[in-house]
Amino acid sequence: MTQKTDFKTGDRLYVLAGPNKAKIGILKRFIPRKSQVILEGVNLRVRHVKPNPNLNETGGRLKREAPLHISNVALVCPKCADPTWVRHEILPPSEPGARPRKLRICKRCQARIDE
Ligand SMILES: [Zn+2]
């Protein structure tokens, strides 16, 4: 389903499965090539870093978000606040020569998400 990949930076995404199930995070990075998303503060992995005087790094434990597969997340509708799927609505261009606008519509409450 291609509609699942229609995420934008700043979207709130709900985790459907895995150890982070039921968490909600803001989309920080979408990696279409790998079908992965990185959500702010979700799926944190601790990385142990050695001090590196050359880079002026003190070392220690660094927390970093690991990517999640897009099949494990769903968009949270800003209007009904539930995880949902979207359909698309194509709007005619606002002015002659402009490109048509593609809006995402919540399948649950029918609200326009991109306004
Ligand atoms: Zn909705």
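Definitions and limits used
- Residues numbered from 1 in each chain as written.
- Predicted model: local features only at pLDDT ≥ 70, side-chain atom pairs only at ≥ 80, totals over all residues.
- Heavy atoms only, no water.
- Helix = DSSP H or I, 4+ residues; strand = E, 2+ residues; numbered from the N terminus.
- Rg over C-alpha atoms; globule rule 2.2 N^0.38 Å.
- Buried < 20%, exposed > 50% of the residue type's maximum accessible area, 1.4 Å probe, protein only.
- Contact = heavy atoms within 4.5 Å.
- Donors = N, O, S within 2.8 Å, 3.2 Å for Na, K, Ca; no water.
- Tetrahedral: all angles 85-135°; square planar, octahedral: opposite > 155°, others 65-115°.
- Salt bridge = Lys/Arg side-chain N within 4 Å of Asp/Glu carboxyl O.
- Phe/Tyr/Trp six-rings, centres within 6.5 Å; stacked < 30°, edge-to-face > 60°.
- Pairing = 2+ DSSP bridges.

Peer 1: Please explain the overall build of the protein chain as it appears in this structure.
Peer 2: Broken down by element type, the protein chain carries 0 helices and 10 strands. Ordered by position in the sequence, the α and β elements of the protein chain form the string β-β-β-β-β-β-β-β-β-β. Whereas a compact globule of 115 residues would reach a radius of gyration of roughly 13 Å, the protein chain reaches 18 Å, over 25% beyond that. For the protein chain, the C-alpha atoms occupy an extent of roughly 60 × 35 × 25 Å along the three principal directions. In the protein chain, which comprises 115 residues, the share counted as buried stands at 30%. Look at the contacts in the protein chain between residues 6 or more apart in sequence, and 40% of them connect residues 24 or more apart.

Peer 1: Even after reading the chapter, I still don't get the coordination of the zinc ion, so can you show me in this structure?
Peer 2: Each pair of donors in an ideal four-coordinate tetrahedral metal site encloses 109.5 degrees, whereas pairs in an ideal six-coordinate octahedral site enclose 90 or 180 degrees. Looking at the zinc ion, one finds its protein donor set to be C77 (SG), C80 (SG), C106 (SG) and C109 (SG), positioned 2.3 Å from the metal centre. Given 4 donor atoms and angles of 103 to 115° at the metal, the environment of the zinc ion is assigned as tetrahedral. Counting gaps between the donor residues of the zinc ion yields the pattern C-x2-C-x25-C-x2-C. For C106, a relative accessible area of 0% puts it in the buried group. Assessed through its relative accessible area of 33%, C109 is described here as partly exposed.

Peer 1: Would you explain the pattern of salt bridges in this entry?
Peer 2: A side chain with one charge may pair with a side chain of the opposite charge, provided their charged atoms come close. Scanning the model with the defined rule gives 5 salt bridges in all. A salt bridge links E89 to R112; its shortest N-O distance comes to 2.7 Å. Residue E89 is located in strand β9 (residues 86-91), and its partner R112 is located in the segment after β10 (101-106); the two are separated by 23 residues in the primary sequence. The partly exposed category is assigned to E89, whose relative accessible area is 23%. Each of K8, D11, R104 and D114 takes part in salt bridges that share partners, so that together they form one network.

Peer 1: Can you walk me through the packing of aromatic side chains in this structure?
Peer 2: What characterises a pair of aromatic rings is the spacing of the ring centres plus the angle enclosed by the ring planes. Going through the model one piece at a time under the given rule, you end up with 1 aromatic pair. Residues F7 and F30 carry aromatic rings whose centres are separated by 6.2 Å and whose planes lie at 70° to one another, so their mutual orientation is edge-to-face. Of this pair, F7 sits in the segment before β1 (12-15) while F30 sits in strand β2 (residues 24-31); the two residues are 23 residues apart in sequence, bridging distant segments of the chain. On the basis of relative accessibility, which here comes to 8%, the residue F7 falls in the buried class. For F30, a relative accessible area of 22% puts it in the partly exposed group.

Peer 1: I keep staring at the sheet that holds strand β6 (residues 68-69) and nothing clicks. Help me out?
Peer 2: Two modes of strand pairing occur in sheets, parallel and antiparallel, and in both the strands are linked by backbone hydrogen bonds. A sheet is described by the order of its strands in space; here 6 strands give the open sequence β6-β3-β2-β1-β7-β8, paired in antiparallel fashion. The strands lining the two open edges of the sheet, one partner per strand, are β6 and β8 (83-84). As defined by bridge partners, β1 adjoins strand β7 (residues 73-76) across 3 bridges and the pair is classed as antiparallel. From the neighbouring strand, L13 faces β7, where its bridge partner is L75.

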